Amino acid sequence: MLRASWQRCITPTELFSVDEALFQYHPKGAQKATCPKRYIPRKPHPNGLICYQAVFKTYQNLPFVFDIEPDVHKDA
C-alpha cells in the first residue's frame with residue numbers, strides 16, 4: 001500500500017542531475033586534524049563540508065533530491 005502511494009506521488013522524468021554543495025563547517029579543537037574540510041574559493045562559504053546530490057525532476061515540475069553523499073575523505 002505504501003509503495004503504490006509513493007509511486008503515485010513521485011514520478012521521475014528523464015531529467016537527472018548530480019551536483020556539489022558546500023556547507024559551511026568549522027571544526028574546533030582536536031577535531032581539526034581529523035575532520036574533512038574543503039576549500040572552494042568560488043562558493044559563498046569557501047571552507048566547509050562538500051556533499052554531492054543526485055536529483056531528478058518530477059512530472060509535476062518539481063525537483064526531488066533522492067541522494068546526498070558527503071565527501072568524508074580528509075585532505076592530505
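What you see is a predicted model, and the numbers here were worked out from it, not measured in a lab. (Residues numbered from 1 in each chain as written. Predicted model: local features only at pLDDT ≥ 70, side-chain atom pairs only at ≥ 80, totals over all residues. Heavy atoms only, no water.)

A. How the structure looks around the side chain of threonine 58. Looking at where threonine 58 falls in the secondary structure, it is placed in strand S3 (residues 47-58). Classification of threonine 58 as buried rests on a relative accessible area of 4%. Here threonine 58 is in contact with Ile10, Thr11, Thr13 and Phe64, once residues within four sequence places are set aside. (Helix = DSSP H or I, 4+ residues; strand = E, 2+ residues; numbered from the N terminus. Buried < 20%, exposed > 50% of the residue type's maximum accessible area, 1.4 Å probe, protein only. Contact = heavy atoms within 4.5 Å.)

B. Local environment of the packing of aromatic side chains. All chains considered together, the criterion is met by 3 aromatic pairs. Where phenylalanine 16 meets phenylalanine 66, the ring centres are 5.8 Å apart and the plane angle is 40°; that geometry is what we call tilted. Here phenylalanine 16, found in strand S1 (residues 12-24), pairs with phenylalanine 66, found in strand S4 (residues 63-70); they are 50 residues apart in sequence, far enough to count as distant. For the ring pair phenylalanine 56 and phenylalanine 66, a centre distance of 5.4 Å and an interplane angle of 35° mean the geometry is tilted. Here phenylalanine 56, found in strand S3, pairs with phenylalanine 66, found in strand S4; they are 10 residues apart in sequence, far enough to count as distant. What makes phenylalanine 66 partly exposed here is its relative accessible area of 41%. (Phe/Tyr/Trp six-rings, centres within 6.5 Å; stacked < 30°, edge-to-face > 60°.)

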